[in-house]
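Residue strings, one per chain:
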Amino acid sequence: MIPHHTKIGILTGTSYGEVMRHARAVYEPIRKRTKRKPYVRSSYFKKQKVFIDLFWEHLHQKNPRDRFRRLKYFAAALEVIRESRNHPLSSDNPHALSEILHRFAGITKEGELFYAQVKEDKRSGRKYFISCFPAI
């Protein structure tokens, strides 16, 4: 798996509130473009939609420290999903056999390795951005 080098760095801030404010500033223009589910188009999936609203639900299931850690990579993860043509690490979801998990690797502007995870429903072909996290 070859990581995609992003032009965007991690979101700055020393507290969860600061990083959340920056992440919402990235998310709001995307959300306002549509009346339905917010999405970005992926180069790897031939410009198909990747819905990003499931990310927030998944994020709020985590503890506050983990939320802060993951949220820093939100903007860079969206860039990886939009622009990466590198093959992800794909595998069947062990918890749901009707899903495929695609894990894209990315390197931030600062040189930090992280992953962005996309879930694909086998039946409908819909794709959902569910998580981003550092490699360590």
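See the structure shown above.
Residues numbered from 1 in each chain as written. Predicted model: local features only at pLDDT ≥ 70, side-chain atom pairs only at ≥ 80, totals over all residues. Heavy atoms only, no water.

Turning our eyes to something else, we now look at the pattern of salt bridges. Under the definition given, this model contains 7 salt bridges. Where Arg 31 meets Glu 28, a salt bridge forms, and the shortest distance between an N and an O atom there is 2.6 Å. Of this pair, Arg 31 and Glu 28 both sit in helix α1 (residues 16-32), separated by 3 residues, roughly a single helical turn. Glu 28 sits in the partly exposed class, given a relative accessible area of 23%. Between Lys 37 and Asp 53 there is a salt bridge, with its nearest N and O atoms 3.9 Å apart. Placement of the pair is Lys 37 in the loop between α1 and β2 (39-42) and Asp 53 in helix α2 (residues 53-59), with a sequence separation of 16 residues. On the basis of relative accessibility, which here comes to 33%, the residue Lys 37 falls in the partly exposed class. Look at the salt bridges and you will find they share partners, linking Asp 66, Arg 69 and Arg 70 into a network. (Salt bridge = Lys/Arg side-chain N within 4 Å of Asp/Glu carboxyl O. Helix = DSSP H or I, 4+ residues; strand = E, 2+ residues; numbered from the N terminus. Buried < 20%, exposed > 50% of the residue type's maximum accessible area, 1.4 Å probe, protein only.)

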